[in-house]
Amino acid sequence: MSGSGAVRVAVAGSTGSIGTQTLDVLGTEPHAYELTALGAGGGHLDLLIAQARKHRPKIVAIADDRLDTVHRLTEALPGCEVRAGAQALASLAEDADVVVNGVVGFAGLSVTLATLEAGRRLALANKESLVAAGPVVQRARRTPGAEIIPVDSEHCAIHMCLRANDEPGRVARLVLTASGGPLRGRTRDELRNVSLEDALNHPTWSMGPKITVDSSTLMNKGLEVVEAHELFGAPAGDHGCGIGFDQIEVVVHPQSVVHSMVEFTDGATIAQLSMPDMRLPIGYALAHPDRLGTPFGPIDWTRLGRLDFEPPDLDAFGCLALAYQAGRAGETAPAWLNAANEVAVASFLDGKLPWGRIVDALTASMDRYDGGTADDVDAVIAADTRARAVAHQMIEGLIP
Ligand code: MG
């Protein structure tokens, strides 16, 4: 905490969907939170400059360290400390009580590790860092003062539900809800000709393109199963509630109002409900164990109507099973899958790899997984690099 008593917040990935919504949340509680730093990749420089002019953080960081970019930022923001380069975003933890990690993909790993190693709270939206580098992140999480509060809506929901019970050993299963994405209900046959527009047309959530494509393949849910295991799988009392992969289930819930559930050993299920609005989990991660005074996503029960639940179609959406396999294999298998997925999704977004071939690219890449151990961050980064090379090769053969 700073002298004023306000919680000092740094936002990594400030120009993305999570970042912009975090600034929105902070704006509703200006006395409780002080925005100390903004960080972004550098691809949306005008937005970053506009954010810095409005919120006046002490520090602005960009990953892009080309001289003209740094020069533009320095010129535009007099009096603001500009940091640039590969480690710039990771350096923000030193000057903050909470770091919101809204970076997209594996690139967010340095922010996750630096925040935990600095003994700070990590408000984690970047699930890929936790999924890919699980064993390494778990070690960093043991740093005194370090904690992870999930911003991913399902995991945030579970975090809330677990507070309903004082005895962490009494959890029977975690049930992650999935909207089913924009292609829910289509058969394998009907999924042969999915366009970019189809895949990006999410019915309930407005998110960035990478996660929206992941949602269309159910890979997002697959990554979230591994994420749930990392967050809550440790023995009861040691961050977790002792659940294994057999106790993490996925149910499709198209309305995205029930954000996830915890079933206890006596059969009782506790769920968290709200209208889909990421500002609620962002605010929860900032305020925990307190809550924001500003409501995001409250439910109008007179208009809510029905809540539906159905099993996921594992035949049409093969990515979910791949994620369970990688999660169970552990070590660098999730890093391998995540890297292959990032390459495949980028290729789909480039208009090269057909949607229906994403799962084939991932299956072929996982068949070539080399079984490396996740001893340290360098081992994880090396596995990520090897997996990307393999995925590029596999995709080459799948592009029509
Ligand atoms: Mg989620």
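A brief look at the structure comes next. If you're wondering where the values come from, they're calculated on a predicted model, not measured in any experiment.

Side chains of a nonpolar character, in soluble globular proteins, are inclined to be buried together. Counting 116 residues, the largest nonpolar core has Val 99, Ala 123, Trp 336, Ala 340 and Ala 344 as the members making the most contacts within it. Sort the elements by how many residues they give to this core and helix H14 (residues 333-349) lands first, with 10 residues. Residues lining this core come from more than one domain, with at least three contributed by each of domain 1 (7-151) and domain 2 (154-278 + 297-396). In contact with Trp 336, not counting residues within four places along its chain, are Ala 326, Met 366, Tyr 369, Ala 383 and Ala 387.

Right, let's get into the sheet that holds strand S7 (residues 147-150). Taken in spatial order, the seven strands line up as S4-S3-S2-S1-S5-S6-S7 in an open sheet, and their pairing is parallel. A strand with exactly one partner marks an edge of an open sheet, and here the two such strands are strand S4 (81-84) and S7. Here the strands of the sheet are splayed against their neighbours by 20 degrees on average, with no regard to which way each runs. Bridge count for strand S5 (residues 98-101) against strand S6 (residues 121-124) is four bridges, and the pairing is parallel. Across the sheet, residue Val 100 finds its bridge partner in S6, namely Ala 123. Across the sheet, helix H1 (residues 17-28) touches strand S1 (7-12), strand S2 (33-40) and S5, and the angle it forms with S1 is around 160 degrees. With respect to the sheet, helix H2 (residues 45-55) is in contact with S2 and strand S3 (59-62), its orientation differing from that of S2 by roughly 165 degrees.

Turning next to the environment of Pro 276. Its place among the elements puts Pro 276 in the loop between strand S11 (269-273) and helix H11 (279-287). For Pro 276, a count of 17 C-beta atoms within 10 Å gives the class partly exposed. Along the chain, Pro 276 and Leu 124 lie 152 residues apart, while their C-alpha atoms are 18 Å from each other. Apart from the residues lying within four places of it in its own chain, the contact partners of Pro 276 are Thr 204, Trp 205, Ser 256 and Gly 297.

Relative to the helices and strands, Ile 299 is located in the loop between H11 and helix H12 (301-304). Distance from Ile 299 to Ala 340, taken between C-alpha atoms, is 38 Å for residues 41 residues apart in sequence. For Ile 299, the residues in contact, after removing those within four places along its chain, are Val 257, Leu 273, Ser 274, Met 275 and Leu 304.

Let us look at helix H13 (residues 319-329). Restricting attention to buried positions, one finds in H13 the residues Cys 319, Leu 320, Leu 322, Ala 323, Ala 326 and Gly 327. Projection of H13 onto a plane perpendicular to its axis shows the buried side chains occupying an angular sector of 160 degrees, all on one side. Those residues of H13 that are buried lie in contact with helix H9 (209-217), helix H10 (219-232), strand S9 (248-252), H14 and helix H15 (358-367). Of the residues trailing H13, Gly 330 is marked for its positive phi of about 65 degrees.

Calculation criteria
- Residue numbers run consecutively from 1 along every chain, following the written order of its sequence.
- Thresholds applied to this predicted model are a pLDDT of at least 70 for local features of residues and 80 or more for the giving and counting of side-chain atom pairs; totals over whole chains, interfaces and linings are not thresholded and use all residues.
- Each nonpolar core comprises buried Ala, Val, Leu, Ile, Met, Phe, Trp, Tyr and Cys residues, the members being joined through C-beta atoms within 7 Å.
- Counting other C-beta atoms within 10 Å of a residue's C-beta gives its exposure: the residue is buried at 20 or more, exposed at 12 or fewer, and partly exposed in between, where C-beta atoms are placed from the backbone.
- In this text, helices come from DSSP runs of H or I with a minimum length of four residues, and strands from runs of E with a minimum of two, each type numbered from the N-terminal end.
- By convention here, the domain bounds are inherited from an automatic or database domain assignment.
- Residues are defined as contacting one another if the C-beta atoms placed from their backbone atoms lie within 7 Å.
- Two strands pair under a simple rule: DSSP has to find at least two bridges between them.
- A fitted line through C-alpha atoms serves as each axis, taken over the contacting stretch for helices, and the angle formed by two N-to-C directions is quoted from 0 to 180°.
- Directions from the helix axis toward the C-beta atoms define the arc.

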